[in-house]
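Notes for the structure review
Residue strings, one per chain:
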Amino acid sequence: MKRQHGFTLLEVLVALTIFGTVAATLVTATASSARNAARLEEKTLAGWIADNQLGELLLQRPSPAPGRKQRNVSYAGRDWQVQEEIQSTSDATLRRVTLWVAPNNPQDNSDIQARASLVVSGFIGVRE
């Protein structure tokens, strides 16, 4: 009787189990990498928006008064919400500025401070 060459059913099942485990790990790693890349892009764009808004506040004459404002901004093909809060400080020549930047999501009515991608604080000089 001749001996047949080939894989046994057990060997095939072990190989499929190993392949399935490796494939599942790769899919999970790829999805995680894609989420991280999207989050990094969102934070980068939010940082640029905050820098632009702070620059605009620095250039305003007279300097903006203390208070809170919210505006919608279109940047990089997306809609964003920016909330600025300007506060007086103990130094009369300085005002503290806090900016919250979040993607504009019409279905999400939660507070911008809770869903902000980025929060930036800085100071501007008071000019009259």
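First, a word on scope: everything that follows refers to the structure included in this document.

Cut-offs used in this document
- Sequence order as written defines the numbering, with residues in each chain counted from 1.
- Note on the predicted model: pLDDT of at least 70 is required for a residue's local features to be given, and 80 or more for side-chain atom pairs to be given and counted; whole-chain, interface and lining totals, by contrast, use all residues.
- Side-chain descriptors were evaluated using all non-hydrogen atoms of the structure, hydrogens and water having been removed beforehand.
- Numbering of helices and strands starts at the N terminus; helices are DSSP runs of H or I of at least 4 residues and strands are runs of E of at least 2.
- Radius of gyration means the value over C-alpha atoms here, while the globule rule gives 2.2 Å times the residue count to the 0.38 power.
- Each residue is assigned to one of three classes by its accessible area relative to the maximum for its type, calculated with a 1.4 Å probe on protein chains only: buried under 20%, partly exposed between the two thresholds, exposed over 50%.
- Contacts between residues were defined by any pair of non-hydrogen atoms, one from each residue, lying within 4.5 Å.
- We treat Lys and Arg as the positive residues and Asp and Glu as the negative residues; His and chain ends play no part in the count.
- By convention, charge coordinates are those of NZ in Lys, CZ in Arg, CG in Asp, or CD in Glu.
- Note on pairing: DSSP must find at least two bridges between two strands before they are called paired.
- By convention a nonpolar core is built from buried Ala, Val, Leu, Ile, Met, Phe, Trp, Tyr and Cys residues, the set being connected through side-chain atoms within 4.5 Å.
- Residues forming no salt bridge and having over 30% relative accessible area are the ones grouped into patches, like charges within 9 Å of each other and nonpolar side chains (Val, Leu, Ile, Met, Phe, Trp, Tyr) within 5 Å.
- The protein chains shown are the only cover counted for residues, whose accessible areas, like all others here, come from Shrake-Rupley with a 1.4 Å probe.
- Salt bridges are defined as contacts in which a side-chain nitrogen from Lys or Arg sits within 4 Å of a carboxyl oxygen from Asp or Glu.

**Some points on the overall build of the protein**
- Scanning the protein from N- to C-terminus turns up two helices and four strands.
- The linear arrangement of helices and strands in the protein, starting from the amino end, is α-β-β-β-α-β.
- Here the C-alpha radius of gyration of the protein, 27 Å, is well above what a compact globule of 128 residues would show, namely 14 Å.
- Across its three principal axes, the protein shows a C-alpha extent of roughly 105 × 30 × 25 Å.
- A burial count over the protein gives 25% of its 128 residues as buried.
- Long-range contacts, defined as pairs at least 24 residues apart, comprise 50% of the intrachain contacts of the protein with a sequence gap of at least 6.
- Taking the average place of the 14 positive charges on the side chains of the protein and the average place of its 12 negative ones, the gap between the two points comes to 6 Å.

**Side note on the pairing of strand β3 (residues 94-103)**
- For β3, a buried count of seven out of ten residues is recorded, marking the element as mostly surrounded by other parts of the structure.
- For strand β2 (residues 78-88) and β3, the ladder comprises nine bridges, and the chain directions are antiparallel. Bridge assignment links V82 to a residue of β3, and that residue is V101.
- The turn joining β2 and β3, which pair antiparallel and follow one another in sequence, is formed by five residues.
- Pairing of β3 with strand β4 (residues 118-125), which is carried by eight bridges, proceeds in the antiparallel orientation. Paired with W100 across the two strands is V119, which belongs to β4.

**Side note on the side chain of Q83**
- Summarising the element assignment, Q83 is placed in strand β2.
- For Q83, a relative accessible area of 3% gives the class buried.
- Here Q83 is in contact with R68, K69, Q70, T98, L99, W100, I112 and Q113, once residues within four sequence places are set aside.

**Comments concerning the nonpolar core**
- By size, the foremost hydrophobic cluster in this structure holds 14 residues, and its most contacted members are W80, V82, V97, L99 and V101.
- Of all elements in the fold, only α1 (9-59), β2 and β3 reach the threshold of two or more residues within this core.

**Quick notes on a nonpolar patch on the surface**
- Taken together, the side chains of F7, L9, V12, L13 and L16 make up a nonpolar region of the molecular surface, amounting to roughly 560 Å² of accessible area.
- Along the chain, V12 turns up in helix α1.

**Regarding the pattern of salt bridges**
- The full count for this structure, using the stated rule, is four salt bridges.
- Residue R39 is joined to E42 by a salt bridge in which the shortest nitrogen-to-oxygen separation is 2.8 Å. Taken together, the residues span about one helical turn, with R39 and E42 both in helix α1 at a distance of three residues.
- Salt-bridge contacts for E41 lead to R78; the nearest nitrogen and oxygen are separated by 3.0 Å.

**Examining the pairing of strand β1 (residues 67-75)**
- In this sheet, β2 lies alongside β1 in antiparallel orientation, the contact comprising nine bridges. Bridging from a neighbouring strand, R68 pairs with E85 of β2.
- The antiparallel pairing of β1 with β2 creates a hairpin that spans two residues between the two strands, and A76 there sits at a positive phi of about 55°.

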